[in-house]
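# What the coordinates show
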Amino acid sequence: MALIDGTSRLLIDGKLTSGGAGGFATVNPATEEVLGEAANADAADMDRAIDAARRAFDDTDWSTNTELRVRCIRQLRDVLREHVEELRELTIAEVGAPRMLTAGAQLEGPIADLGFAADTAESYEWTQDLGHATPLGIPTRRSVVREAVGVVGAITPWNFPHQINLAKLGPALAAGNTIVLKPAPDTPWVAAVLGDLIAEHTDIPPGVVNIVTSTDHTLGAMLAGDPRVDMVSFTGSTATGRSVMADAAATIKKVFLELGGKSAFVVLDDADLAGACSVAGFSVCLHAGQGCAITTRLVVPRARYDEAVAIAAGTMGSIKPGDPTKPGTVCGPVISARQRDRVQSYLDLALAEGGEFACGGGRPADQPAGFFIEPTVIAGLTNDARVAREEIFGPVLTVIAHDGDDDAVRIANDSPYGLSATVYGADADRAARVAARLRAGTVNVNGGVWYSADMPFGGYKQSGNGREMGVAGFEEYLEIKAIATAAN
Ligand code: NAD
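Please read these numbers as outputs of a predicted model, since none were measured by experiment.

## Re the sheet that holds strand E18 (residues 420–424)
In a beta sheet, neighbouring strands pair by backbone hydrogen bonds and run either parallel or antiparallel. The 7 strands lie next to each other as E14-E15-E16-E13-E12-E18-E19, forming an open sheet whose pairing is mixed. Pairing within the sheet leaves two strands with one partner each, and these edge strands are strand E14 (356–359) and strand E19 (442–445). Between one strand axis and the next, the sheet turns by 25 degrees as a mean value, whatever way the strands run. Bridge count between E18 and E19: 4 bridges; the pairing is parallel.

In structure tokens, the structure reads:
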């Protein structure tokens, strides 16, 4: 892989190339050391990438040759598996992902999930025969055909980059599309390495996958606006999602959005409070809270509020942010100085809003380098506080009191977001009734896990449009054509 020499390249039209704007540094967030350089694409590179994807879609049999696509996706999965140990070290170094998470959603999970995309394409009912009918009195034979949307522009963030890059690449390719992937500038190498492996170890034809790393955010806007792009698949913040949607409007392209969240962890009054609040505290520390679906509002019975705060603080106070290379580390660094300062500004805001810290509240004294934040429990605020309404994207939990099930549902749903939720309660039927009332795309009841290749993932309200993963995620990348043939 090219990364061995400390540089990375773009993949455009089947060729690995340098960037028109030179290179930019990629940094280890745990040490602040420069790992090396990534190719920095300019607008001309993006233009060539879009052009290549367009030609690969229009002029080759990629979109109709399901057998080729299935074989290529399995090849990609297999070559990623062959290189998994190098990829693991790269992911820990560039993303700051704790080693333990690379066994799941940070690396091995999304590689395995490519198999689901290939299997789905192989078994999918591409043509559905609706049989004969006589609409308006005319005998007609009807069928419904599913086919690829066309050129997909995929724009991704830095927090779970393999998961998000591959959860777009796999289904988009399986459905027959060609793609231009523009990853986040904070994690260029984990995307660029895909380009190397695709070019050197798969039969994916030139132009079918293009990977364009850049510090220039306007290249993302270019993808969203370009008339040669048929669909934009975006994961990132709600603010940027809004801008992508606006840029896509001029060409009425299909827009698929996975955005932010401020998800609630609801503890009912019959729940095991200690167990539930420990789980809530632990899960907000995973990858330093940089997960869009992490439950960052802990909604607990008012009568046991102080106890709940103490339990969550006991758990989170015992989790020391540190070296992500170590197998026992749960909470590594956040991605950048900018992100650390953003999280710190929310901690300052929590105090200004009248909240207090039950643990944490700043940068750990024992980590002189790296972008670390202490796991922090904010207490004493209501759901109206900005720290309870806005996405912080750090290891920060805000604890809010509720006055019974109806009030808990009201608080959980009182958010501009609707990505995920958790309910804990001793009575499973009652917990299920509460879960059913939550306006969120995924709900965990008493510790169930919704993350898997065949489960759709996505948000209500301002958390997005559409679903990633599962058959629903595959179908996002399809058009539907109804064919009516006059029958004699
Ligand atoms: P971001 O919105 O700043 O950037 C995401 C991507 O968009 C990057 O590749 C960036 O270069 C690009 N971009 C920036 N401005 C653009 C523009 N005007 N037009 C087109 N593209 C543009 O997000 P981030 O800071 O990289 O990631 C963190 C955010 O992502 C959080 O809000 C988090 O909740 C969200 N996220 C959501 C999900 C989900 O599935 N719902 C998953 C992971 C992250």
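## Here we look at the site of the ligand
Neighbouring residues of the ligand: 28 residues in total, closest Thr156, His217, Ser237, Leu259 and Glu391. Taking Ala221, its main chain carries an N or O atom lying 3.4 Å from a nitrogen atom of the ligand. Within the side chain of Ser237, one N or O atom sits 2.7 Å away from an oxygen atom of the ligand. Starting from 840 Å² of accessible surface for the ligand in isolation, the protein chains cover 89%. Elements with a contribution of two residues or more to the shell around the ligand: helix H7 (218–225), strand E10 (231–235) and helix H8 (238–249).

## A few points about the pattern of salt bridges
Evaluated as defined, the whole model comprises 29 salt bridges. By sharing partners, the salt bridges in this structure join Asp13, Asp47, Asp51, Arg55, Asp226 and Arg228 into a single network.

## Brief notes about the UniProt feature "domain: Aldehyde dehydrogenase" (unreviewed entry) in the protein
With numbering matched to this structure, UniProt assigns "domain: Aldehyde dehydrogenase" (unreviewed entry) to residues 24–483. Span residues 24–483 is 39% helix and 21% strand, its end C-alpha atoms 50 Å apart.

## Considerations on the nonpolar core
In terms of nonpolar packing, the biggest core is built from 52 residues, with Leu80, Leu169, Leu173, Ile179, Val209 and Phe474 touching the most fellow members. Going through the elements one at a time, helix H2 (66–82), helix H3 (84–95), helix H4 (108–123), strand E7 (151–155), helix H5 (161–174), strand E8 (178–182), helix H6 (188–201) and strand E9 (209–211) are the ones with two or more residues in this core. Apart from residues no more than four positions distant in its own chain, Ile179 is found in contact with Ala53, Val152, Ala154, Lys168, Leu169, Ala172, Leu173, Val208, Val209 and Asn210. In this structure, Ala271, Ile311, Ala312 and Val399 belong to the second largest nonpolar core, which totals 32 residues.

## Quick look at the packing of H2 against H6
It is the contact of H2 with H6, at a shortest axis distance of 10 Å, that shows an interaxial angle of 115 degrees. Note that H2 runs across H6; the crossing there is right-handed. Residues Gln75, Leu76, Val79 and Leu80 of H2 pack against Leu194, Leu197, Ile198 and His201 of H6. For the contact of H2 with H6, the per-class residue count stands at 6 nonpolar, 2 polar and no charged.

## Focus on the pairing of strand E4 (residues 34–39)
As defined by bridge partners, strand E3 (residues 23–27) adjoins E4 across 5 bridges and the pair is classed as antiparallel. From the neighbouring strand, Ala25 faces E4, where its bridge partner is Glu37.

## Notes on the UniProt feature "active site" (unreviewed entry) in the protein
The UniProt feature table records "active site" (unreviewed entry) at Glu258. Relative to the elements of secondary structure, Glu258 occurs in strand E11 (residues 254–258). Discounting chain neighbours no more than four positions away, the residues touching Glu258 are Phe234, Thr235, Gly236, Leu419, Phe457, Gly458, Gly459, Ser463, Gly466, Arg467 and Glu468.

## Digging into helix H11 (residues 337–352)
Taking 1.5 Å of rise per residue, 16 residues should cover 22 Å, and H11 covers 22 Å from first to last C-alpha, within 8% of that figure. Along H11, the residues that are buried comprise Gln339, Arg340, Val343, Gln344, Tyr346, Leu347, Leu349 and Ala350. For H11, the secondary structure elements touched by its buried residues are E14, strand E15 (376–379), helix H12 (386–389) and strand E16 (396–402). Gly354 sits one or two positions beyond H11 and adopts a positive phi of about 100 degrees.

## Side note on the pairing of strand E13 (residues 295–301)
Here E13 lies mainly inside the structure; 7 of its 7 residues are buried. Relative to E13, strand E12 (residues 263–267) runs parallel, the two sharing 4 bridges. Considered in E13, the bridge of Phe265 is made with Leu298. Note that the unit made of E12, helix H9 (residues 273–285) and E13 has a crossover that is right-handed. By the bridge criterion, 5 bridges tie E13 to E16 in an arrangement that is parallel. Note that in E16 the partner of Leu298 across the bridge is Val399.

Rules of the game
Position labels on residues start from 1 in each chain and follow its written sequence. With the structure being a predicted model, the display of local features is reserved for residues of pLDDT at least 70 and the display and counting of side-chain atom pairs for 80 or more, all residues being used for whole-chain, interface and lining totals. For the side-chain quantities, the full set of heavy atoms in the structure was used; hydrogens and water were omitted. Strands are labelled as partners when DSSP assigns at least two bridges between them. For the purposes of this entry, the term helix denotes a DSSP run of H or I that reaches at least four residues, the term strand denotes a run of E that reaches at least two, and both are numbered from the N terminus. Each axis is a line fitted through C-alpha atoms, and for a helix only the stretch in contact is used; angles between axes span 0 to 180 degrees, taken between their N-to-C directions. Residues are labelled near a given molecule or strand when at least one of their non-hydrogen atoms is within 4 Å of it. Pairs of N or O atoms are called polar contacts if they sit within 3.5 Å, as long as, within protein, a hydrogen donor faces a hydrogen acceptor (for residues adjacent in sequence, only side-chain-to-side-chain pairs). Areas reported here follow the Shrake-Rupley algorithm with a probe of radius 1.4 Å; residue values treat only the protein chains shown as occluding. Any Lys or Arg side-chain nitrogen located within 4 Å of an Asp or Glu carboxyl oxygen qualifies as a salt bridge. UniProt positions are given in the numbering used here, feature names are shortened, and annotations may be inferred rather than shown by experiment. Nonpolar core, defined: a set of buried Ala, Val, Leu, Ile, Met, Phe, Trp, Tyr and Cys residues in which side-chain atoms within 4.5 Å join the residues together. Partly exposed residues are those whose accessible area sits between 20% and 50% of the maximum for their type, while under 20% is buried and over 50% is exposed, using a 1.4 Å probe and protein chains only. Residue contacts are counted whenever heavy atoms from the two residues lie within 4.5 Å of one another. Should the near helix be turned anticlockwise from the far one by less than a right angle, the crossing is termed left-handed; should it be turned clockwise, right-handed. Under the grouping applied here, Gly and all other residues not named as nonpolar or charged are polar, the nonpolar ones being Ala, Val, Leu, Ile, Met, Phe, Trp, Tyr, Cys and Pro and the charged ones Asp, Glu, Lys and Arg. Each helix should span, by expectation, one fewer than its residue count multiplied by 1.5 Å. Here is how to tell: hold the view so the strands point away, follow the path from the first strand over the helix to the second, and if it runs clockwise the crossover is right-handed.

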